[in-house]
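# Coordinate analysis (summary)
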Amino acid sequence: MAGKIKAGPIFKAGLTALLVLMAFAGVLYAQEPVKVAIMPFTMNADKDLSFLQSGIQDMLTTRLAYEGEVTVVEKKAVQEKVAALGDSVDKDKARKIGAELGADYVLFGSLTVFGASVSLDATMLDMEGQRPPVTVFEQTQGMDGLIPRVNDFAMEINDKIFGRSPAPAAQQTRPAPAVPSTHAHPDTLIPSLSDGGMVDSTGRQNAASPFVMTGTSAGKFWKSPNMKMDVQGIALGDITGDGLNETVILGPHSILVKRMEQGRFVNVAEYQGEQYQECFWLDVLDVNGNGRDEIFVSAASGHTRRAESFVLEWNGTALEMIAEKQRIYFAVLRTAGQEPALYGQRPSNMEPLLPGVYPLYWEAGEYVTGTKVNAPDYAQVFGVNFAKVGDVQAFRPIVYNNDDNLRLINAKGKVEWKGDESYGGSHKHLKLPDSQSRVYLRQRIVTADLNGDGAGEIIVNQNTGSTGKLFERYRKYTSGSFVCLGWDGLGLAPLWHTRKISGYLADFFVGDFDNDGQLELVGAVVSGNAILGGQEKSSLIAYELGILNDK
């Protein structure tokens, strides 16, 4: 009978070390990230959709990449391989490119646009064939339905291949605090603030702030005392030249300048305009370079309906007129990554607004026009700005169309992206003498780099109400909110929004409202006027964004 071999101490130690090394190697192997190569989708359309092709790649990259577990091959490396084989990528080409790039998975697909119908066909393929492919084939009406489908596809890949299921909503362990009506007026949401003041993020004990941003923690917000005026516009700037910001408030015939001092909203100056003038737009900027922001007021004669805009400036003791009866309408565009600039648009005897938005310069004691902004004829100086989105590093115009839908304009002045959601919404309008037809004005578009990525987010307001734009000659908005939009690879999508509040949002701005070094979002809320009914009544609301002012 064969004898037994006894394991000596040296053998036991060696075996133990070997097992430890094998286990450690297994851990190292398990922690090696999976590599995914995402192909540019084949675009079957009668127009150039390269921006959308690039956007889908970016969107899938951000949703699949996971630190330490999943890496996505650099887009440029993939595009170089695709270009060498031809622009269209099928299953065989995807496999070949994936092998050359050392990918574990390849993702490829196509997008077909026919009229309003959009078809998405995509596949996630295991290069070794150990897992079944994950596929999607969806049809939507319009581009707005495409983004959720791409997102769902990415979630399915994360679930079936990488084992990353969406986190379930946290179970509520105690009753939620009572939340006031989202349509309540600020006065009823904050009964203790009828005279203005600051509250914390809950507004009051066990109540939610009307300005809670989706996906982020709420900060503080402030409400001014009620003002007996129908606010037309607001702006922020250093009016007195002392390095501190003032808030300028425009009424139909008057201008107020106020400042936050030790928690109080105090008066600095007031200007009473002519009663026959109808003032409707306000902006501030130091165009003449003397260290004090001028106040640009767009106005029209109530008799002739012609432009009678004017410019005010602080002279050390009061506001004085430095330019009057300007046959042009003013607006200051504040674009993330650029210096603020003055723009204008002219009317004619036949048209309240002529096509064309122009930069304005102060030369030899007058405002002269520069080169026309490359935008469609429907663009208004009141609803235009510039944005840097996607892979394109140039600033491109973003405008409202006649239905208050946002449009991104390319270098040729054509629409590159269009949204179906209506934002803005204004009571303000212009009309010609002896004419009942109206040209409704756009609302402000603000761009600000809120997340520090250098691109800039887009902030708009969104008025809603009992009639909205239902009638050509009559609009009535009774509630609204503010919305921040960002580029998600396919288009502009909401990043956050404020709670809906009662009243018409006449205007807003982003800036250091209270001179604390941080940015605030400030809105003018009109709760009583000739359209809404009741006595004229307005207030301002400021919400802390919690972002350092880079001025």
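Residues numbered from 1 in each chain as written. Predicted model: local features only at pLDDT ≥ 70, side-chain atom pairs only at ≥ 80, totals over all residues. Heavy atoms only, no water.

The protein chain appears in an unreviewed UniProt entry as Integrin-like repeat-containing protein from Desulfatibacillum aliphaticivorans.

## Some thoughts on the nonpolar core
Among the nonpolar cores identified, the biggest contains 45 residues, and Leu52, Leu60, Leu107, Met124, Phe153 and Ile157 are the most heavily contacted of them. With 6 residues, the top contributor of residues to this core is helix α2 (residues 50-64). Each of domain 1 (34-162) and domain 2 (222-544) contributes no fewer than three residues to this core. In this structure, Phe153 is in contact with Leu60, Leu107, Ala122, Thr123, Met124, Val134, Thr135 and Val136, ignoring residues within four places of it in sequence. With 21 residues, the next largest nonpolar core counts Ala331, Leu333, Val381 and Val399 among its residues. (Core = buried A, V, L, I, M, F, W, Y, C linked by side-chain atoms within 4.5 Å. Buried < 20%, exposed > 50% of the residue type's maximum accessible area, 1.4 Å probe, protein only. Helix = DSSP H or I, 4+ residues; strand = E, 2+ residues; numbered from the N terminus. Domains from an automatic or database assignment. Contact = heavy atoms within 4.5 Å.)

## Overview of the pattern of salt bridges
Throughout the structure, instances matching the rule amount to 13 salt bridges. Across the pair Glu313 and Arg292 runs a salt bridge, and its minimum N-O distance is 3.9 Å. Taken as a pair, Glu313 in strand β15 (residues 309-314) and Arg292 in the loop between β13 (277-285) and β14 (294-301) lie far apart in primary sequence, 21 residues in all. Given the relative accessible area of 24%, Arg292 is considered partly exposed. Measuring nitrogen to oxygen at the nearest pair gives 2.6 Å for the salt bridge that ties Glu416 to Arg396. Separated by 20 residues along the polypeptide, Glu416 in strand β24 (residues 415-422) and Arg396 in strand β22 (residues 396-400) bring together distant segments of the chain. (Salt bridge = Lys/Arg side-chain N within 4 Å of Asp/Glu carboxyl O.)

## Thoughts on the side chain of Lys428
Among the secondary structure elements, Lys428 is positioned in the loop between β24 and β25 (429-430). One buried charged side chain, Lys428, makes no salt bridge at all; its nearest oppositely charged neighbour is Asp507, positioned 5.4 Å away. Reaching out from Lys428, the side chain makes a polar contact with the backbone oxygen of Phe280 at a distance of 3.1 Å. Beyond its immediate chain neighbours, meaning those up to four positions away, Lys428 contacts Gln232, Phe280, Trp281, Val439, Tyr440, Leu441, Tyr504 and Ala506. (Lys, Arg positive; Asp, Glu negative; His and termini not counted. Polar contact = N/O pair within 3.5 Å; in protein donor to acceptor, adjacent residues only side chain to side chain.)

## Let's talk about the sheet that holds β13
Taken in spatial order, the 4 strands make up an open sheet running β13-β14-β15-β16, and their pairing is antiparallel. Either end of the sheet is taken by a strand with one partner, and the two such strands are β13 and β16 (319-326). Averaged over all pairs of adjacent strands, the angle between strand axes in this sheet comes to 20 degrees, irrespective of strand direction. (Pairing = 2+ DSSP bridges. Axes fitted to C-alpha atoms, helices over the stretch in contact; angles between N-to-C directions.)

## A short note on the environment of Met321
With respect to the secondary-structure elements, Met321 resides in strand β16. Separated by 27 residues in the primary sequence, Met321 and Glu294 have C-alpha atoms spaced 9.9 Å apart. For Met321, the residues in contact, after removing those within four places along its chain, are Tyr271, Phe310, Val311 and Leu312.

## Section: the packing of aromatic side chains
Summed over all chains, the structure comprises 17 aromatic pairs. Ring plane angle 55 degrees and centroid distance 5.7 Å describe the contact between Phe265 and Phe513, whose orientation is recorded as tilted. Of the two residues, Phe265 sits in strand β12 (residues 264-272) while Phe513 sits in the loop between β32 (504-511) and β33 (518-529), which places them 248 residues apart along the sequence. Accessibility assignment for this pair places Phe265 and Phe513 in one class, buried. Plain terms: the ring middles of Tyr329 and Phe382 are 6.3 Å apart, the flat faces sit at 50 degrees to each other, and that makes the pair tilted. In this pair, Tyr329 sits in strand β17 (residues 329-333) while Phe382 sits in the loop between β20 (366-369) and β21 (384-387), placing the two residues 53 residues apart along the sequence. Each member of the pair, Tyr329 together with Phe382, is buried. Within the aromatic cluster, the residues linked to one another by ring pairs are Phe280, Trp281, Tyr329 and Phe382. Note that Arg475 overlies the ring of Tyr440, its terminal NZ or CZ placed 4.0 Å from the centroid. (Phe/Tyr/Trp six-rings, centres within 6.5 Å; stacked < 30°, edge-to-face > 60°. Lys NZ or Arg CZ within 6 Å of the ring centre and 35° of its normal.)

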